[in-house]
Amino acid sequence: MTNTVPTPDRIMRLINGYWATGVLAAASTHRVFTHLQQGAGTAAELAQAAEISERGAQTLLDGLVSIGLVELGEGGYRNTAEAATYLVEDTPVSLARFARLKLTHMGALADLAEVVRVGGPVASPVVEVANNPHWEEIVRAIAAQSVPGAGIAAQVLGLADAGPISILDVGGGSGIYSGIWLQANAQAHATQLDWAPINAIAHRLLAERGVADRFTSIDGDFHTTDFGTDRHDVAVYSHIAHQESPEANIEVFTRLRQAIKPGGALVVCDYIVDDDRSGPAFPLIFASEMLLKSKHGSTWRQADYRDWLIKAGFEEISFHRAPPATLAIAR
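Basis of the calculations
- Residues numbered from 1 in each chain as written.
- Predicted model: local features only at pLDDT ≥ 70, side-chain atom pairs only at ≥ 80, totals over all residues.
- Heavy atoms only, no water.
- Helix = DSSP H or I, 4+ residues; strand = E, 2+ residues; numbered from the N terminus.
- Buried < 20%, exposed > 50% of the residue type's maximum accessible area, 1.4 Å probe, protein only.
- Contact = heavy atoms within 4.5 Å.
- Lys, Arg positive; Asp, Glu negative; His and termini not counted.
- Charge placed at Lys NZ, Arg CZ, Asp CG, Glu CD.
- Pairing = 2+ DSSP bridges.
- Right-handed = clockwise from strand over helix to strand, strands pointing away.
- Expected span 1.5 Å × (residues − 1).
- Axes fitted to C-alpha atoms, helices over the stretch in contact; angles between N-to-C directions.
- Salt bridge = Lys/Arg side-chain N within 4 Å of Asp/Glu carboxyl O.

Scanning the protein chain for helices and strands turns up 15 helices and 9 strands. The dimensions of the protein chain, computed from C-alpha atoms along their principal axes, are 60 × 50 × 45 Å. Within the span of the protein chain, comprising 331 residues, buried residues form 46% of the whole. Sequence separation of at least 24 residues holds for 67% of the intrachain contacts in the protein chain that already meet a minimum separation of 6. Computing the positive centroid from 25 side-chain charges and the negative centroid from 37, the protein chain places the two 1 Å apart.

What follows is about the pairing of strand 3 (residues 166-170). Regular strands place their side chains on alternate faces of the sheet. Most of strand 3 is tucked away, with 5 of its 5 residues classed as buried. In strand 3, alternate side chains face the same way, and those of S166, L168 and V170 on one face and I167 and D169 on the other are all buried. Of the strand pairs in this sheet, strand 3 and strand 4 (residues 189-194) are connected by 5 bridges, and their pairing is parallel. Following the sheet pairing, S166 is matched in strand 4 by H189. A crossover connection joins strand 3 to the parallel strand 4 through helix 11 (residues 176-184); in handedness this β-α-β unit is right-handed. One ladder, built from 4 bridges, connects strand 3 with strand 6 (residues 232-238); its direction is parallel. Following the sheet pairing, I167 is matched in strand 6 by V234.

Moving on to helix 2 (residues 18-29). Helix length check: helix 2 (12 residues) gives 16 Å between terminal C-alpha atoms against 16 Å at 1.5 Å per residue, within 8%. Within the span of helix 2, buried status applies to V23, A25, A27 and S28.

Moving on to the pairing of strand 7 (residues 260-270). The element strand 7 is largely enclosed, with a buried count of 8 among its 11 residues. In the sheet, strand 6 pairs with strand 7 via 6 bridges, with the strands oriented parallel. What sits directly across from S238, in strand 7, is C269. Traced from strand 6 through helix 13 (residues 246-259) to strand 7, the parallel crossover comes out right-handed.

Time to look at the sheet that holds strand 6. Pairing is mixed across the open sheet formed by 7 strands, whose spatial order is 5-4-3-6-7-9-8. With partners counted over all chains shown, the strands left at the sheet margins are strand 5 (215-219) and strand 8 (317-322), one partner each. Looking at each pair of strands side by side, their axes are set apart by 20° on average, direction ignored. Running over the sheet, helix 11 touches strand 3, strand 4, strand 5, strand 6, strand 7 and strand 9 (325-330) and is turned about 140° from strand 6. Packing of helix 12 (residues 196-208) onto the sheet brings it into contact with strand 4 and strand 5, and relative to strand 5 it is tilted by some 170°.

Here we take up unusual backbone geometry. The residue after G279, namely P280, is reached through a cis peptide bond having omega -5°. One non-glycine residue, E51, lies in positive phi territory at about 60°. Checked against the element boundaries, E51 lands in the loop between helix 4 (43-50) and helix 5 (54-66). With relative accessibility at 74%, the residue E51 sits in the exposed group. Within the chain, R277 stands out as a residue other than glycine whose phi angle is a positive 60°. Inspection of the secondary structure puts R277 in the loop between strand 7 and helix 14 (281-293).

Bringing the side chain of H232 into the picture now. Its location among the elements puts H232 in strand 6. With relative accessibility at 9%, the residue H232 sits in the buried group. Beyond its immediate stretch of four places on either side in the chain, H232 contacts S166, I167, L168, F227, A259, I260 and K261.

Moving on to the pattern of salt bridges. Evaluation of the coordinates by the stated rule reveals 11 salt bridges. One salt bridge connects D233 with K261, and the closest N-O pair in it is separated by 3.6 Å. Taken together, the residues span a long stretch of sequence, with D233 in strand 6 and K261 in strand 7 at a distance of 28 residues. Residue K261 is classed as partly exposed on the basis of its relative accessible area, which comes to 29%. Put simply, K102, E289 and K293 are held in one network by salt bridges that share partners.

The following block contains the structure:
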C-alpha cells in the first residue's frame with residue numbers, strides 16, 4: 001500500500017471561493033451567459049457584444065471555465081448546460097439576478113466567526129422589515145428559485161383540473177406561486193398576505209403574466225394577521241420557515257390548518273435537510289446565512305417539518321425534491 005498525499009488544490013479553491021461569487025456576479029452584470037448563448041464565442045466577440053474590454057472579457061471567460069460554467073470547444077467558448085439553463089437572462093428560472101444580489105452580501109461574511117461564537121447576529125437583522133429599500137431587487141431575484149417547486153406542487157395536487165379553487169399565499173413575495181397556478185387554472189383565485197411594498201411588486205408581476213384580475217392581496221404581517229377559517233383550498237408557506245423558530249412555525253401551521261377547507265392542502269417550500277443532516281448540500285450551507293442574519297432561523301430537517309405539521313393538525317405529509325429546495329405537502 002502507498003500513502004497518497006492529497007494536493008492543496010481543492011482547499012485553495014475553497015479559500016478563494018469568494019472569487020467564484022465575484023466572477024459569476026460580474027458575468028451576470030454584463031449578460032455574459034446571454035451573449036454566449038447568442039453566439040459570442042471568443043473574447044473579442046464577447047467584448048463587443050457586452051461593451052466591455054477584451055481583457056476583461058478574457059478574464060471573465062477564464063474564471064467561468066475555472067468554476068465550470070463555461071467550456072471551450074472547437075467553436076470557441078460556450079455555456080455549460082447548467083449555465084444555459086439557469087444563467088441566461090429573461091427566462092422563468094434564471095438565477096442571474098440572484099447572482100448579482102449575492103455579491104452585495106459578501107461583506108457580511110466577515111462577521112461569521114463571531115456570529116458562530118455568540119450563536120446569532122452581531123448586528124440588528126434589518127432584512128425582515130417592510131420598508132427595506134432592497135425589497136424590489138430581492139423579491140425579483142429570489143422568485144426563480146420557486147419556479148420548480150410551484151410546478152411540482154401543481155402536478156402533485158392536480159391544480160390545473162381543480163376548478164374554482166381559492167389559494168392563500170402567506171408571505172408570497174413576488175407572487176410566483178400565484179402567478180404559475182393562476183395560469184395553470186383559469187378558474188382559480190389567489191390571495192397573497194405580505195407587507196404592502198411587497199404586495200405592490202407582486203401586483204405588477206402578476207399583471208405582466210395576465211392574471212392580475214384573479215389576484216388580491218392583504219397588507220399585513222403573517223405573525224398577527226388572521227387567516228380565517230375554512231376559507232381556502234390550498235395554502236402556501238414558501239421560504240419562510242427557515243427564518244422562524246420551531247414554536248413560530250407550529251403556530252403558523254396551526255392557523256393555516258384552520259384556514260384550509262376540509263380536503264385542502266398546505267404547500268411548504270424551503271431548504272429542507274435530510275434527517276441525518278447528510279444533505280442536500282445547499283440547505284446545509286444555507287444554515288450559516290440564517291445564523292448570520294436571523295435570531296432563531298436555521299435549515300430544518302424533514303423530521304422537524306413532519307413533527308410541526310402533525311402538531312398543527314395535519315395527518316398526511318409527503319416530501320418532494322424541487323432543487324434547490326424541497327416541498328412538504330400536508331393534508
